[in-house]
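# Residue-level structural notes
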Amino acid sequence: MAEQTALTDRRTDGGGRPDAAVVRDALGVGIAVGLSGFAFGVTSAGSGLSVWQTCALSLLVFTGASQFALVGALAAGGSPLTAAAGAFFLGVRNAFYGLRLSQSLSLPRAVRPFAAQWVIDETAAVSLAQPGRRAARLGFAVTGVTLYVLWNLTTLLGALGAEAIGDTDAWGLDAAGPAVFLALLAPMLRTTAERAVAVLAVFLGLGLLPVLPAGVPVLMAALAAPAVMYVEGRRRSHAEGRRGSGLAEESDRTRRDDPTDPNIRDRPYNRALPNDLAEQHDRAGQHDRGGQDDRGGQDGRVDTEEEQR
């Protein structure tokens, strides 16, 4: 029995990660983020939504950023239409996740409408990090189930306990969701360009927060990615241009300094060559001219003999 368990734990997807490792990572992400639903329940109840309205948001919308944006805009005094618009535009990013996941998961058509409910930041991150299709499907399923169940359960508990907690701002629970998301995002920023996008997005979001409606600064922060990509592309093209010109100059310099090139004796910088190289080129030139004179003399003798005949 122990051997069968060990073999099951080592099952891989064509040489990819073991199933146990995929499940472990998916459970870690699902539990960590799912517990932050408690903060959403408390924040939603504090913004004036009832318990059933709060639970309906988690059951039907199920995207933490959009839910926090909605209740945050309502708590700040924004109109329901403006709050819903901001939440909608934040949720649009999940459609792009779906396009990518449709290729890596390749789920049957009958399953896709149900799986679409679980297409969020966390499930996309876990699935796309896997090396094979089997591992991607497993990570998506485990993360989706764990996160959906915990998120809705903790949302209910938070909404019911909001009255007992009292002032939610004093506890700072509204920052739990963004803090968890940043903790998940930080290890993924491996390159300089990715870190630059993150830093620029933070500056755009915080700088535009006092002058734009709720939810819009987050959308404007998304402009950091194309801006950094443009600068990075210009920098690479400039570096490649300089590298190409350097190679051309080096090739030309090598050709000029080649002592075996017969044309080098006709160039003005031949005078700067060492004496032995200059003598070699002079002898080569005299030999070439002598050969030409010999051929010219032979041609002249042939013409004279023809005239005499």
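All values reported here derive from a predicted model rather than from experimental measurement. (Residues numbered from 1 in each chain as written. Predicted model: local features only at pLDDT ≥ 70, side-chain atom pairs only at ≥ 80, totals over all residues. Heavy atoms only, no water.)

## Some details on the overall build of the protein chain
Filter applied, for reference: A run of H or I in DSSP becomes a helix once it reaches four residues, and a run of E becomes a strand once it reaches two; helices and strands are each numbered from the N terminus. By definition in these notes, contact holds between two residues if any of their heavy atoms fall within 4.5 Å. Computed by Shrake-Rupley with a 1.4 Å probe, the accessible areas treat only the displayed protein chains as cover when residues are assessed.
Helix and strand counts for the protein chain come out as 16 helices and zero strands. Within the protein chain, counting contacts between residues at least 6 apart in sequence, those at least 24 apart form 66% of the total. Summed over all atoms, the accessible surface of the protein chain reaches about 19500 Å², with 62% contributed by carbon and sulfur.

## Digging into the packing of aromatic side chains
Each pair of aromatic rings is reported with the distance of its centres and the angle of its planes. Quick note on the threshold: Aromatic contacts are taken between Phe, Tyr and Trp rings whose centres are within 6.5 Å, Trp giving its six-membered ring; a plane angle under 30 degrees counts as stacked, one over 60 as edge-to-face, and the others as tilted. Relative accessibility thresholds used throughout: buried, under 20% of the residue-type maximum; exposed, over 50%; partly exposed, between the two (1.4 Å probe, protein chains only).
In this structure the tally under the stated criterion is six aromatic pairs. With a centroid separation of 5.6 Å and an interplanar angle of 70°, the aromatic rings of F88 and F89 are classed as edge-to-face. Taking relative accessible area as the criterion, F88 reaches 55% and is therefore assigned exposed. Through a chain of ring-to-ring contacts, the aromatic side chains of F40, F68 and W151 assemble into a single cluster.

## A closer look at the packing of helix α4 (residues 51-61) against helix α5 (residues 64-75)
As a reminder of what qualifies: Axis definition: a line fitted to C-alpha atoms, limited for helices to the stretch in contact. Angles are taken between N-to-C directions and run from 0 to 180 degrees. Any angle that is under 35 degrees is reported as roughly parallel, and any over 145 degrees as roughly antiparallel; angles of 65 to 115 degrees are reported as roughly perpendicular and all others as oblique. Note: crossing handedness is left-handed where the near helix turns anticlockwise from the far helix by less than a right angle, and right-handed where it turns clockwise.
For the pair α4 and α5, the least separation of the axes is 10 Å and the interaxial angle reads 150°. What the angle tells us is that α4 and α5 run roughly antiparallel. Crossing geometry of α4 relative to α5 is assigned as right-handed. Between α4, through L57, S58 and V61, and α5, the contact on the second element is made entirely by Q67, L70 and V71.

## Some points on the pattern of salt bridges
For the record, the criterion: By salt bridge we mean one thing: a side-chain nitrogen of Lys or Arg within 4 Å of a carboxyl oxygen of Asp or Glu.
What the rule picks out here adds up to four salt bridges. Among the salt bridges present, the one from R235 reaches E232, with a minimum N-O distance of 2.6 Å. One end of the pair is R235 and the other is E232, both in helix α15 (residues 224-256) and three residues apart, which spans about a single turn. The closest approach of N and O atoms between E232 and R236, which form a salt bridge, is 3.3 Å. Taken together, the residues E232 and R236, both in helix α15 and four residues apart, mark about one turn of the helix. One salt-bridge network, held together by shared partners, links E232, R235 and R236.

## Things to note about the side chain of S44
Selection criterion: As used in this structure description, the phrase polar contact means that two N or O atoms lie within 3.5 Å; if the pair is within protein, one of them must be able to donate a hydrogen and the other to accept it, and residues adjacent in sequence are counted only when both atoms belong to side chains.
Among the structural elements, S44 can be located in helix α3 (residues 37-46). Reaching out from S44, the side chain makes a polar contact with the side chain of T54 at a distance of 2.7 Å. Once residues within four sequence positions are removed from consideration, S44 is found in contact with L49, T54 and V71.

## With respect to unusual backbone geometry
Positive phi, normally seen in glycine, also occurs at F62, with a value near 50°. Given a relative accessible area of 3%, F62 falls into the buried group.

## Concerning a nonpolar patch on the surface
We apply this condition: A patch consists of residues exposed above 30% relative accessible area that lack any salt bridge, with like charges linked at up to 9 Å and nonpolar side chains (Val, Leu, Ile, Met, Phe, Trp, Tyr) linked at up to 5 Å.
On the surface, a nonpolar cluster with roughly 330 Å² of combined accessible area is contributed by V211, L212, M220 and L223. Along the chain, L212 falls in the loop between α13 (192-208) and α14 (216-221).

## Comments concerning helix α7 (residues 93-105)
Quick note on the threshold: A helix is expected to reach a length of 1.5 Å times the quantity of its residues less one.
Over its 13 residues, α7 runs 18 Å from end to end, which matches the ideal 18 Å to within 8%, given 1.5 Å per residue. Of all the residues in α7, the buried ones are N94, L101, S104 and L105. Just downstream of α7, S106 is the residue with a positive phi angle, here 50°.

## Re the packing of α3 against α5
Note the threshold: Residues are grouped as follows: Ala, Val, Leu, Ile, Met, Phe, Trp, Tyr, Cys and Pro are nonpolar; Asp, Glu, Lys and Arg are charged; every other residue, Gly included, is polar.
As a packed pair, α3 and α5 sit with axes 9 Å apart at the nearest point and diverge in direction by 25°. The orientation of α3 relative to α5 falls into the category roughly parallel. α3 and α5 meet at a crossing whose hand is left-handed. Seen from α3, the contacting residues are A39, F40, T43 and S44; seen from α5, they are Q67, F68 and V71. Here the contact of α3 with α5 is composed, by residue class, of four nonpolar, three polar and no charged.

## Digging into the environment of V51
With respect to the secondary-structure elements, V51 resides in helix α4. The class of V51 is partly exposed, set by a relative accessible area of 32%. Separated by 109 residues in sequence, V51 and L160 have C-alpha atoms that sit 6.9 Å apart. Residues contacting V51, with those up to four places away along its chain left out, are L156, A159 and L160.

## Quick word on the confidence of the model for the protein chain
The following threshold applies: A residue's pLDDT is simply how confident the predictor is in it, with values from 0 to 100.
Across the protein chain, the average pLDDT comes to 76, with 66% of residues at or above 70. No element of the protein chain has a lower mean pLDDT than helix α1 (residues 2-9), at 43, and none a higher one than α4, at 92. Here residues 1-10 is a poorly scored stretch, pLDDT under 50, and it has four contacts once near neighbours within four places are set aside; other chains count. Below a pLDDT of 50 lies the segment residues 269-273, which in the model reaches seven contacts outside its immediate sequence neighbourhood of four places, other chains included.

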